[in-house]
Amino acid sequence: MNCPVQKLSSQGGKLVSIGETGAPDGTAILVNDLFYNNPVRKKYLKSDTVELTHIIGIVSGIALGHNKISFLFFNKGKELLRSPASELHDTIIHIYGQEVARAMLPVELESDLVRITGSSPGLH
């Protein structure tokens, strides 16, 4: 399933070009030093551990919302998150573990206007 993808090029925060590019199945996207030149007020940052936890939460949420895309997240050369392209239940297992996945209940609703599928924490 080859989908058209927008390719953005920027340098130092300035947009250099934008256009369509091919991205066949298996295309890898690597982002390095995304905020290298953005000044940050250190007083607003928490510890490295807290900031990293926030980032992992965001990447996990994106992986759950796009479970047909494989995600790998590394920090300082160490793999922190791996979510292969798979069914939602398998993605939940990879991100949160087998125990959490077992406790989830399927959620499905379909009407003329909307279709909702997913999982919800089970009630104990």
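None of these values were measured; they are calculated from a predicted model.

When you go through the protein residue by residue, the secondary structure sums to three helices and six strands. Overall, the protein shows an N-to-C arrangement of helices and strands of β-β-α-β-β-α-α-β-β. Across the 124 residues of the protein, 13% fall into the buried class. Contacts in the protein between residues at least 24 apart in sequence constitute 17% of all its contacts with a sequence separation of at least 6. When the accessible surface of the protein is split by element, carbon and sulfur atoms take 57% of a total near 10,600 Å².

Evaluation of the coordinates by the stated rule reveals three salt bridges. A salt bridge links Arg115 to Glu110; the nearest nitrogen and oxygen atoms lie 3.9 Å apart. Neither residue differs from the other here; Arg115 and Glu110 are each classed as exposed.

This paragraph deals with the nonpolar core. With six residues, the main nonpolar core is built from Val59, Ala63, Phe71, Phe73, Leu81 and Ile95. Those elements that provide at least two residues to this core are helix H1 (48-65) and strand E3 (71-75). Those residues within four positions of Phe71 in sequence are excluded, and the remaining contacts are Ile62, Ala63, His66, Leu81, Arg82 and Ser83.

Now for the side chain of Ser86. Along the chain, Ser86 falls in the loop between strand E4 (78-83) and helix H2 (88-96). Accessibility expressed as a relative area gives 15% for Ser86, which makes it buried. A distance of 3.4 Å separates polar atoms of two side chains, one belonging to Ser86 and the other to Thr91. Not counting the four nearest positions on each side in its chain, Ser86 is found in contact with Asn67, Lys68 and Thr91.

Cut-offs and rules
- Residues numbered from 1 in each chain as written.
- Predicted model: local features only at pLDDT ≥ 70, side-chain atom pairs only at ≥ 80, totals over all residues.
- Heavy atoms only, no water.
- Helix = DSSP H or I, 4+ residues; strand = E, 2+ residues; numbered from the N terminus.
- Buried < 20%, exposed > 50% of the residue type's maximum accessible area, 1.4 Å probe, protein only.
- Contact = heavy atoms within 4.5 Å.
- Areas by Shrake-Rupley, 256 points an atom, 1.4 Å probe, with all protein chains shown as cover.
- Salt bridge = Lys/Arg side-chain N within 4 Å of Asp/Glu carboxyl O.
- Core = buried A, V, L, I, M, F, W, Y, C linked by side-chain atoms within 4.5 Å.
- Polar contact = N/O pair within 3.5 Å; in protein donor to acceptor, adjacent residues only side chain to side chain.

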